[in-house]
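Residues per chain are reported as follows:
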Amino acid sequence: ADPGAFAELHRLRLAVKLRSVQQRIALEQENIAEATGLAVEELEELSVAECGLTDVGSASVALGEWCGEIEVYSAQRVELSWRQTGGRKQKSVPVTLRRDFPERVAQLQAQRRDVLRTLPGQQRRLESLLLSERSWQLEVWRQRYLVQPLVATLGRRLIWSFQLPTCLLYTSPS
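These remarks concern the structure in this document. On a predicted model such as this, the values are computed, not experimentally measured, just so you know. (Residues numbered from 1 in each chain as written. Predicted model: local features only at pLDDT ≥ 70, side-chain atom pairs only at ≥ 80, totals over all residues. Heavy atoms only, no water.)

1. So, the sheet that holds strand β2 (residues 66–72)
And step 1. Across the sheet, which stays open at both edges, the 4 strands sit in the order β1-β2-β3-β4 with antiparallel pairing between neighbours. Of all strands in the sheet, those bounded by a partner on one side alone are β1 (58–63) and β4 (89–90).
And step 2. Sheet topology places β2 next to strand β3 (residues 78–84); 7 bridges connect them, and they run antiparallel. Looking across to β3, one finds that valine 72 is bridged to valine 78. (Pairing = 2+ DSSP bridges. Helix = DSSP H or I, 4+ residues; strand = E, 2+ residues; numbered from the N terminus.)

2. Observations concerning the pattern of salt bridges
When charged atoms on two side chains of opposite charge get close, those side chains can pair.
And step 1. A complete count under the given rule lists 12 salt bridges for this structure.
And step 2. Among the ionic pairs, glutamate 42 bridges to arginine 134, the shortest N-O distance being 3.6 Å. Linking glutamate 42 in helix α3 (residues 40–46) with arginine 134 in the loop between α5 (102–129) and α6 (138–147), this pair joins segments that are 92 residues apart in sequence.
And step 3. Put simply, aspartate 100 and arginine 99 hold a salt bridge, and the shortest N to O gap is 3.1 Å.
And step 4. For aspartate 100, a relative accessible area of 44% gives the class partly exposed.
And step 5. Among the residues examined, arginine 99 registers a relative accessible area of 57% and is labelled exposed.
And step 6. A network of salt bridges, in which partner residues are shared, links Glu42, Glu45, Arg134 and Arg144. (Salt bridge = Lys/Arg side-chain N within 4 Å of Asp/Glu carboxyl O. Buried < 20%, exposed > 50% of the residue type's maximum accessible area, 1.4 Å probe, protein only.)

3. Thoughts on the nonpolar core
And step 1. In terms of nonpolar packing, the biggest core is built from 26 residues, with Trp82, Val115 and Leu119 touching the most fellow members.
And step 2. Contributing elements (two or more residues each) for this core: β1, β2, β3, α5 and α6.
And step 3. Among the elements that take part in this core, α5 stands out by supplying 6 residues, more than any other.
And step 4. Counting 8 residues, the second largest nonpolar core, distinct from the first, contains Phe6, Leu9, Val40 and Leu43. (Core = buried A, V, L, I, M, F, W, Y, C linked by side-chain atoms within 4.5 Å.)

4. Some words on the environment of arginine 125
And step 1. Here arginine 125 is to be found in helix α5.
And step 2. The spacing of arginine 125 and leucine 80 is 45 residues in sequence and 25 Å in space, taken between C-alpha atoms.

5. Description of the environment of arginine 88
And step 1. As for its placement among the helices and strands, arginine 88 is situated in the loop between β3 and β4.
And step 2. For the pair arginine 88 and glutamine 123, spaced 35 residues apart in sequence, the C-alpha to C-alpha distance is 33 Å.
And step 3. In contact with arginine 88, not counting residues within four places along its chain, are Trp66, Trp82 and Arg83.
And step 4. A distance of 2.5 Å separates a polar atom in the side chain of arginine 88 from a polar atom in the side chain of glutamine 90. (Contact = heavy atoms within 4.5 Å. Polar contact = N/O pair within 3.5 Å; in protein donor to acceptor, adjacent residues only side chain to side chain.)

6. A few points about the packing of aromatic side chains
And step 1. All told, the structure shown has 4 aromatic pairs when counted by the stated rule.
And step 2. Seen from their ring centres, tryptophan 141 and tryptophan 160 are 5.4 Å apart, and the 75° between their planes marks the pair as edge-to-face. With tryptophan 141 in helix α6 and tryptophan 160 in the segment after α7 (152–155), this pair connects stretches of sequence that are 19 residues apart.
And step 3. On the basis of relative accessibility, which here comes to 8%, the residue tryptophan 141 falls in the buried class.
And step 4. Overall, tryptophan 160 belongs to the partly exposed group, its relative accessible area being 22%.
And step 5. Arranged with centres 5.1 Å apart and planes meeting at 50°, the rings of tyrosine 145 and tryptophan 160 form a pair that is tilted. With tyrosine 145 in helix α6 and tryptophan 160 in the segment after α7, this pair connects stretches of sequence that are 15 residues apart.
And step 6. Given the relative accessible area of 0%, tyrosine 145 is considered buried.
And step 7. What links up through ring pairs into an aromatic cluster is the set Trp136, Trp141, Tyr145 and Trp160.
And step 8. Stacked on the ring of tyrosine 73, the Lys or Arg arginine 77 has its end atom at 4.0 Å from the ring centre. (Phe/Tyr/Trp six-rings, centres within 6.5 Å; stacked < 30°, edge-to-face > 60°. Lys NZ or Arg CZ within 6 Å of the ring centre and 35° of its normal.)

As structure tokens, this is what we get:
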């Protein structure tokens, strides 16, 4: 009943095209949900990977006198660029980084690809929320859709509807 296993199953379910395999994965997700006592939708929200992003839609890693920067512009556009300490920015990997930090450069490139693979599935999940009548406590919603580094890149672009709890106010006729 590991939420990490649920996340991997969710990712696999989005990648697999064969309907029978998708159904089998969905069944396993339901088993995990039952074992944890949470709804499948709840586990989907909790198991979204941050993909190494440290701020909403971005990550920055210092490598010598350079900084690798990942920026999410949309579900289809994620850029990796390199900024020198003096402020010069370029899209191609500097020769010094290829030579001095080949593993870290490869990690950042893989991280960018991971974000690009994850975002479309999250976009579909958010779009499907329009069809459901889901509601969240404000702080839970804030953490999952405004603060989570990956999902917030999409969630902050949506128009959300809020409902205040109804309450009766009584005043004494004094």
